[in-house]
Structures are given as structure tokens and as C-alpha cells.
Amino acid sequence: MKKIIIAAMLFCSAPAFAQIVATTDRGIAVADHGVVTLYDSTLQRIWSVPALERVSSIVVGEDRIALLDSWGNQARVIRLADGSGTTMATGETPIGAVFHRRDLIVLERDSRTVSRIDRNGRRTALAVSPDPSFISASADRIYVYSRAAGLLQELDARDGLRLARTASLPPFASDLEVSGNAAYLLYPRDARLAAVNLETFDAEMTAAGGAPSDLAVIRAGSALSPPLIGIADPAAKRVWTTEGAQSVGAAFGRGFLRGLIGLGLFRPRSSEFPTGVDRIASAGGVTTVYDSTSGTLYRLDGQKSRSIGEGVAPQAFAISSGRVVVWRNDALHWAD
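All values derive from a computational prediction rather than experimental measurement. (Residues numbered from 1 in each chain as written. Predicted model: local features only at pLDDT ≥ 70, side-chain atom pairs only at ≥ 80, totals over all residues. Heavy atoms only, no water.)

1. Digging into unusual backbone geometry
Rule in force here: Each helix corresponds to a stretch of at least 4 residues labelled H or I by DSSP, and each strand to a stretch of at least 2 residues labelled E; elements are numbered beginning at the N terminus. Only protein chains enter the accessibility calculation, which uses a 1.4 Å probe. A residue is then buried if its area is under 20% of the maximum for its type, exposed if over 50%, and partly exposed in between.
Despite not being glycine, Ala139 shows a phi value in the positive range, around 55°. Its location among the elements puts Ala139 in the loop between strand 13 (132–138) and strand 14 (141–146). For Ser321, which is not a glycine, the phi torsion comes out positive at approximately 55°. Note that Ser321 resides in the loop between strand 29 (317–320) and strand 30 (323–328). Classification of Ser321 by relative accessible area gives exposed; the value is 65%.

Encoded structure:
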């Protein structure tokens, strides 16, 4: 999934009252002007309840969602079953979060902390490196990348929160994705992709197009098939897609990821777009590509792409049940 992973650039650019769409196991959640509404697969309303006045992002769990207010330092956790919820105080500037068991783990950028907030709102904070920008999770491990320091920190969440390991990486990555036993970080300035083996915490670098901005794991790896990685490159107006190694262990044993973006060395495939696409997301076999400048939304099928919406707000779309849904003109619509 894409990501309960939250890019800081989205927080900086998103208007205070932007519509935000997210897919859950129980339906499609939309936060809009102080209200959150859950819709079913036919786009009919299930429930609608008051929410935070300002919502910067939605974090999805198995049976709950969390609305984050990066301006007011709040989170509201809402039960998907009936819309009931609890508002909790966070540290300064919550820009991302993940659910772990019954708790919400929040990345608080300006506090330089990661906090664990239980169902009663009790908050326990752990200091992390300056400029923490991305958070992701895998089982009982939480991964936080700090851009200015270039550090990837692994937190053990089994009993509270504690720092387990740290990997030194280049600073100023634009995205972090954790999939399987690897973490991927993208570097626009140097056009490189870093992959961190989560078993050894060793990292390898490879070339990644011309001026990449965002990445997505289009297909997770398995014992029989390698992962498929997509990278949005707005300068080239392309999305590069390529296969990773057959297995993470084998990949690092061979010197890393035979087949990840290599400027022709490993023959990566690419899809061309009429505009400079800078975001990519993938879930359930569906991949969307987005141009933030024009608000154009595309669907990518293999190497073929097609436009499925124009003037779409940055967080007003999501992938649901093998289709793409868009919030437009105060209503949900299937875009494809």
C-alpha cells in the first residue's frame, strides 16, 4: 500500500480545507470542511460525523482511521463501524502516522519526536533525528527517515517504543517506501535510488532516471516473482518501471537488485506522459500517476497510460476495489 507513508511536501502544499480521500476495508472515507463521511462500494453514504476542522492527512488502520491536523497538533481516531471517535493531542506538527495494535504512532516533525498514543489519549514520546519526514511500518518495526540528517531509524514497537538500529544514508530523500524486507528511498537531486536490506540494515544505491520525485511498489516480491518498482520522473515526463531481484537476500548477495532503475543498463521499461507527472501510487493491482502542476490524474496499465481526470485536487482521489475514485463537485465519482 501506498502508503500510510506521508510526504512532507504534501503537508506544505495542501490547503487547510482540501478534500482528502482514503480507502479503508469498510469503504471510502472523505474528509471535507470539518466532516468525515464513509461511503460504500456503490458510493452511497454509510455515516457522516463531525471531524477536525482542519485535516492534513488520513491514516488508515484495520478498523479505524486517524485524521491528522498538522496545524493544530491534533489527531482524531474514528471507528469505521459507527463513526465514533476520540480527539487526541499530539506533539508539534504531526505529518504522518501508523497504527500499531490498538495504538496510534505519530511522526511529529517540529517536535522531532515519534509518539505512541493509546486509546485513552496517553502520549509517550521518543526523540528522533532532526527533520523527521517519513514514517512507515513493517510488523513490529517502525521506520523513520530524517531528511536533513540522512538517517533511517528503526524503532521497536513491541513494548513501547525504543530505538533499535540506525542506517546512515544521503540526506534529502523525497520518498520512503517499505515493502517486504526492503526499504526504498528516492533522491531527486542525484537521481538515485537507495535500497536498505531490513535484515542487515545495509544499503545499496543505483541510478534512477533523470530527476525522479516519487516511487511506488507496484507489485510486491514473492518467492516466485520479483518486486516491480515504479518511479515518477516529471522532468522526463515518464514513469520508469522495472523488476527488482528475485528475493531480497539473493539481491544483496549479488551486489543488489539486478534490474532496478539503471539508465539502460538493466533495460528499465518506461511510460510516457504529456505532462510532468510527479506522484505515483499503487494498490490492488491498480496504479495511478498524478501531475501536481495541472491536477491531471492518469491510470497506468502496464506501459500504457490514459488520463482519467483533470483539475483533481492533490489528495482528492484514491484506489478502491480495483478502480479509482475522485471527489469532485462535492461528490464522489468513479474516475475510470
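After that view, the rundown keeps rolling.
2. A look at the sheet that holds strand 3 (residues 35–39)
Let me state the cut-off plainly: DSSP calls a pair of strands paired once it identifies at least 2 bridges connecting them. The convention used is that axes are lines fitted to C-alpha atoms, helices contributing only their stretch in contact, and that angles between N-to-C directions extend from 0 to 180 degrees.
In spatial order, the strands read 1-2-3-4; together these four strands make up an open sheet with antiparallel pairing. Looking at which strands have only one partner, the edges of the open sheet turn out to be strand 1 (20–24) and strand 4 (45–50). On average, adjacent strands in this sheet sit at an angle of 20° to one another, irrespective of strand direction. Bridge analysis of strand 3 against strand 4 gives five bridges, and the strand direction is antiparallel. Paired with Tyr39 across the bridge in strand 4 is Arg45.

3. Section: the sheet that holds strand 5 (residues 57–60)
Taken together, four strands build an open sheet; the order of strands is 5-6-7-8 and the sheet is antiparallel. Lying at the two open borders of the sheet, with one neighbouring strand each, are strand 5 and strand 8 (85–89). Each strand of the sheet is rotated relative to its neighbour by a mean of 20°, with strand direction disregarded. Sheet topology places strand 5 next to strand 6 (residues 64–69); four bridges connect them, and they run antiparallel. Looking at strand 6, one finds that Ile58 is bridged to Leu67.

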